[in-house]
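# Topology and contacts: notes
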Amino acid sequence: NNTVTSCESALTLACENGHTNIVEELIHNGCADIDCADPEKGFTPLMKSARNGHLSTLKFMLNFAAQNNIILDINRTNLNNECTALSLACQNGHHEIVDLLLQHGANPFQKLKDNVNCLIEASKGGHTKIVESLINWNQALNHQQQEQFEKNSKNEIKVKHLKLLDLFNFNI
């Protein structure tokens, strides 16, 4: 029962059904806004592709946006703050899409309606590989933050030391 509602566009339908070649035609010819949400529920083409596991469609949209300096809100939520493209991929077990969205800056910690997040969605669905990816991503992020903190602390100490030497007119 695929009835088209007034809020659905050719682009969202092509994304939802994984018709990457149609998505390319619509976007290349300026027939569609790549980040336009349907007014009824607020789902974007990115969300529809992620929910249904259409990796090639998602890759095309992300690459097209990057190559054309188009700001694509990868963390955008639908109207009721129930989901993002990443949470939909987590919920539906699309591991490769989760990894792709994380690489493009999707936020797995974003709080959604009822304090749900991506880890909860993946856990609820029993998607072990996605849970592992989210945990590994978090550990890698924590490691990067720790390294940056240590680097900044060392730089701060050097700057303070140089300022102190300068204060006492020492040249090094």
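Because the structure is a prediction, the values reported are computed rather than measured.

Reading guide: rules and limits
- Residues numbered from 1 in each chain as written.
- Predicted model: local features only at pLDDT ≥ 70, side-chain atom pairs only at ≥ 80, totals over all residues.
- Heavy atoms only, no water.
- Phe/Tyr/Trp six-rings, centres within 6.5 Å; stacked < 30°, edge-to-face > 60°.
- Helix = DSSP H or I, 4+ residues; strand = E, 2+ residues; numbered from the N terminus.
- Lys NZ or Arg CZ within 6 Å of the ring centre and 35° of its normal.
- Core = buried A, V, L, I, M, F, W, Y, C linked by side-chain atoms within 4.5 Å.
- Buried < 20%, exposed > 50% of the residue type's maximum accessible area, 1.4 Å probe, protein only.
- Salt bridge = Lys/Arg side-chain N within 4 Å of Asp/Glu carboxyl O.

## Topic: the packing of aromatic side chains
Tallied over the full model, the rule gives 2 aromatic pairs. Aromatic side chains Phe109 and Trp137 sit 5.6 Å apart centroid to centroid with 45° between the ring planes, which places their arrangement in the tilted category. With Phe109 in the loop between α6 (95-103) and α7 (118-124) and Trp137 in helix α8 (residues 128-167), the pair connects residues that are 28 residues apart, well separated along the chain. One Lys or Arg, Arg51, reaches over the ring of Phe43 and ends 5.2 Å from the middle of that ring.

## Some points on the nonpolar core
One finds Met61 and Leu101 to be the most contacted residues of the largest nonpolar core, which totals 37 residues. Elements with a minimum of two residues in this core: α1 (10-16), α2 (20-28), α3 (45-52), α4 (55-67), α5 (85-91), α6, α7 and α8. In terms of residues, this core owes the most to one element, α4, which gives 7 residues.

## What about the pattern of salt bridges?
Following the criterion strictly, the structure yields 5 salt bridges and no others. Glu16 is the partner of Arg51 in a salt bridge, and the nearest nitrogen-oxygen pair spans 2.9 Å. Highlighted residues: Arg51 in helix α3 and Glu16 in helix α1, separated in sequence by 35 residues. Linked by salt bridges that have partners in common, Glu16, Lys48 and Arg51 make up one network.

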